[in-house]
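# Observations on chain architecture
Chain by chain, the residues run as shown.
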Amino acid sequence: MALSAQQIPRWFNSVKLRSLINAAQLTKRFTRPGRTLLHGFSAQPQMSSDNCFLQWGFKTYKTSSLWNSSQTTSSSSQENNSAQSTLLPSMNEQSEKTQKIPSIDSEVFLEELDDLPPLSPMQPISEEEAIQIIAAPPLPPSSFTLQDYVDHSETLQKLVLLGVDLSKIEKHPDAANLLLRLDFEADIKQILLFLKDVGIEDNQLGAFLTKNYAIFSEDLENMKTRVAYLHSKNFSKADVAQMVRKAPFLLNFSVERLDNRLGFFQKELQLSVKKTRDLVVRLPRLLTGSLEPVKENMKVYHLELGFKHNEIQHMITKIPKMLTANKRKLTETFDYVHNVMSIPHHIIVKFPQVFNTRLFKVKERHLFLTYLGRAQYDPAKPNYISLDRLVSIPDEIFCEEIAKASVQDFEQFLKTL
C-alpha cells in the first residue's frame, strides 16, 4: 500500500501518538510507590537522581528517542533487579512488553491510515516540508488597477474572456469594487443568459458590459418586467434588441420612467403612437438621456430658426439626432445654409440631413460650386442641385456629376482657402 504525500505526515503523527501511549504505560510500572505522574503537556519519571533514563514532552518528543528510552529501561531494570525487586516487575515480563511495541513498518498502521482524521490547518510540519511550500503572492489591500486582481478572481477572468475592457471600468472605483465582490455563477451568469434572450449576441456582450457594468447591480426580475412592458407597447423583439444595443442603460430604468418618456415625446411633438415608437427605436437614447437638450432644441427650431411646428415634426422624424444635437452647431449650420447659400425654410425642411453634416464640408463644396458658377439651389431653375446630394455623396461623384470637374481641381482649390 503506497502512501500519498499528504498521508505521510498523518501516518508519522499516528505512530508518535501510539508510541507515546505505550511508553506511558511502560514507565508507569517503574514509578516509585506513592508518586503520581502529572497529567498535562509533559511528564518526566525518574528511577534515581543519578540516572534519568526516560524523558519526553509534546514539544520535543520523537519516536526514535522513545524507542531508545525503552531499550535503556530494559537494561537498567536488569542492573537494579536485586535492589528493587519489591518495587519493579520482573525483567522477563518487561521484556515481553517491550517486544510488543509495534515497529514503523507495522501493517496495522497502514490499514488504519484511511480512518485517520483529515489534516488540520494548524498541523505542525517539519522545516523540510515548510521549505517546499510555494505561497501565492498576497492580494494587495488596495490598487489603482484591476490587473492586480485578475489572477485571483475567476469572475474577472471570465469577464475578460467575454471581451470586457477592465481598463475602462477601473476608472470608476465603485464599479471595480462591485465586480470584485461578485460571484460569476451566482451573480453574473443569469444576467448574461437574460441579455442573450433579449437579443445581445455573444460578440456584443463585451462592449455592452464595458459600458453598462452597473447592470450587475440590477434585479433580474425588474429587468424582465421592463422588457415585458416594451413588448406590451408593441415593440417587437428585434426593436427591443436594437434599442438595448444602442442604449445599454435602457434596462436600468424603471417602467414608470420609460412610460413617462414615451408619453412626453408623443405629447410634446404631437406624434402618433407609431411615429413615437419609430422615433425611439431609431434613437433609444431619448429614453435614457436628459430631456433638457431636447426641450432647448425645440425652442431653438421654433423661436430662433423660425420653423413651424409641423416642419419640426417632419425634420425630427427623418433625423432624430436633431433633438439632441449641439445648439451652437444647429444655429451655425442654419445661418450658413439659409443666409449665405440663400436656401429657404421649406427646402431645408425637405433635406434636414444638412444639420447632420459637418459645416466645413458644406462650405467647401458650396465655395467650389460658386467658383465654377454652378451654385444653383432653386428647384424651379435649370441645373438645380439638391441639398441632399450636396452633402451626402463622396468627393469623386460630387466632382464628376455636380461640379463637372476633376478631383485634382477640387483639391487644388481647397489649398487656396
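Please read these numbers as outputs of a predicted model, since none were measured by experiment. (Residues numbered from 1 in each chain as written. Predicted model: local features only at pLDDT ≥ 70, side-chain atom pairs only at ≥ 80, totals over all residues. Heavy atoms only, no water.)

### Focus: a positive patch on the surface
On the surface, Arg245, Lys246, Arg282, Arg285, Lys321, Lys329 and Arg358 cluster together into a positively charged patch. Examined against the element boundaries, Arg285 turns out to sit in helix H16 (residues 285-288). (Patch = residues over 30% accessible without salt bridge, like charges linked within 9 Å, V, L, I, M, F, W, Y side chains within 5 Å. Areas by Shrake-Rupley, 256 points an atom, 1.4 Å probe, with all protein chains shown as cover. Salt bridge = Lys/Arg side-chain N within 4 Å of Asp/Glu carboxyl O. Lys, Arg positive; Asp, Glu negative; His and termini not counted. Charge placed at Lys NZ, Arg CZ, Asp CG, Glu CD. Helix = DSSP H or I, 4+ residues; strand = E, 2+ residues; numbered from the N terminus.)

### Focus on unusual backbone geometry
A positive phi angle is found at Gln270, which is not glycine, with a value near 55°. Within the fold, Gln270 resides in the loop between helix H14 (255-268) and helix H15 (273-282). Take Gln270: its relative accessible area is 56%, and that puts it in the exposed class. Residues other than glycine seldom take positive phi values, yet Ser342 does so here, at roughly 60°. (Buried < 20%, exposed > 50% of the residue type's maximum accessible area, 1.4 Å probe, protein only.)

### Focus: helix H19 (residues 327-340)
Taking 1.5 Å of rise per residue, the 14 residues of H19 would be expected to cover 20 Å, and the 19 Å separating its terminal C-alpha atoms lies within 8% of that figure. Inspection of H19 places Leu330, Thr333, Phe334, Tyr336 and Val337 among the buried residues, and these make up the whole buried set. Each buried residue of H19 lies within a common arc of 165° when the element is viewed along its axis, so the set occupies one face. Summarising the contacts, the buried residues of H19 are in contact with helix H17 (292-304), helix H20 (345-350), helix H21 (359-372) and helix H22 (387-392). (Expected span 1.5 Å × (residues − 1). Arc of directions from axis to C-beta. Contact = heavy atoms within 4.5 Å.)

### Brief notes about the packing of aromatic side chains
Within this structure, the stated rule accounts for 8 aromatic pairs. Considering the side-chain rings of Phe368 and Phe410, the 4.9 Å spacing of their centres and the 55° angle between planes classify their relative orientation as tilted. Of this pair, Phe368 sits in helix H21 while Phe410 sits in helix H24 (residues 407-414), and the two are 42 residues apart along the sequence. An identical accessibility class is assigned to Phe368 and Phe410; each is buried. Between the aromatic rings of Tyr371 and Phe413, the centroid separation amounts to 5.1 Å while the plane-to-plane angle is 35°, which identifies the pairing as tilted. Of this pair, Tyr371 sits in helix H21 while Phe413 sits in helix H24, placing them 42 residues apart in sequence. A relative accessible area of 59% means that Tyr371 is categorised as exposed. (Phe/Tyr/Trp six-rings, centres within 6.5 Å; stacked < 30°, edge-to-face > 60°.)

### Notes on the environment of Ala325
Take Ala325: it is sitting in the loop between helix H18 (309-318) and H19. C-alpha of Ala325 to C-alpha of Pro293: the two residues are 32 residues apart in sequence and 7.8 Å apart in space. Beyond its immediate chain neighbours, meaning those up to four positions away, Ala325 contacts Asn297 and Leu330.

### A look at the nonpolar core
Within the largest apolar cluster, 48 residues are counted, with the highest numbers of intra-cluster contacts made by Phe307, Leu323, Met341, Ile348, Phe355, Leu390 and Phe398. Taken together, domain 1 (290-353) and domain 2 (357-416) each give at least three residues to this core, which thus spans both. Here Phe307 is in contact with Tyr301, His302, Ile312, Met315, Phe334, His345, Ile348, Val349 and Phe355, once residues within four sequence places are set aside. Within the second largest apolar cluster, 41 residues are counted, among which are Ala175, Leu178, Phe194 and Leu250. (Core = buried A, V, L, I, M, F, W, Y, C linked by side-chain atoms within 4.5 Å. Domains from an automatic or database assignment.)

### What to know about the side chain of Arg365
Examined against the element boundaries, Arg365 turns out to sit in helix H21. For Arg365, the side chain forms a polar contact with the side chain of Asp395, separated by 2.7 Å. Here Arg365 is in contact with Arg389, Leu390, Val391, Ile393, Pro394, Asp395, Phe398 and Phe410, once residues within four sequence places are set aside. (Polar contact = N/O pair within 3.5 Å; in protein donor to acceptor, adjacent residues only side chain to side chain.)

### Re the pattern of salt bridges
This structure, assessed with the given rule, holds 11 salt bridges. Linking Lys274 and Asp278 is a salt bridge whose minimum nitrogen-to-oxygen distance equals 3.0 Å. Linking Lys274 with Asp278, this pair stays in helix H15, spanning 4 residues, or about one helical turn. For Asp278, a relative accessible area of 34% corresponds to the partly exposed category. One salt bridge in this structure joins Lys327 and Glu296, with 3.2 Å as the shortest N-O distance. Here Lys327 is found in helix H19, whereas its partner Glu296 is found in helix H17, with 31 residues between them in sequence. With relative accessibility at 33%, the residue Glu296 sits in the partly exposed group. One network of salt bridges, with partners in common, ties together Lys158, Glu185 and Lys189.

### Focus: the packing of helix H10 (residues 184-198) against helix H12 (residues 220-232)
One can describe the packing of H10 onto H12 by two numbers: an axis separation of 11 Å at closest approach and a directional angle of 10°. Put simply, H10 runs roughly parallel to H12. In this structure, H10 contributes Gln190, Ile191, Phe194 and Val198 to the contact, and H12 contributes Leu220, Met223, Lys224 and Val227. Of the residues in the contact of H10 with H12, the class split is 6 nonpolar, 1 polar and 1 charged. (Axes fitted to C-alpha atoms, helices over the stretch in contact; angles between N-to-C directions. Parallel < 35°, antiparallel > 145°, perpendicular 65-115°, else oblique. Nonpolar A, V, L, I, M, F, W, Y, C, P; charged D, E, K, R; others polar.)

### Remarks on H21
Given a rise of 1.5 Å per residue, 14 residues ought to cover 20 Å, and the 20 Å separating the end C-alpha atoms of H21 matches this to within 8%. Among the residues of H21, Leu359, Val362, Arg365, His366, Phe368 and Leu369 are the ones counted as buried. Elements that come into contact with the buried residues of H21 comprise H19, H22, helix H23 (395-403) and H24. Of the residues flanking the end of H21, it is Gly373, one or two places downstream, whose phi is positive at about 80°.

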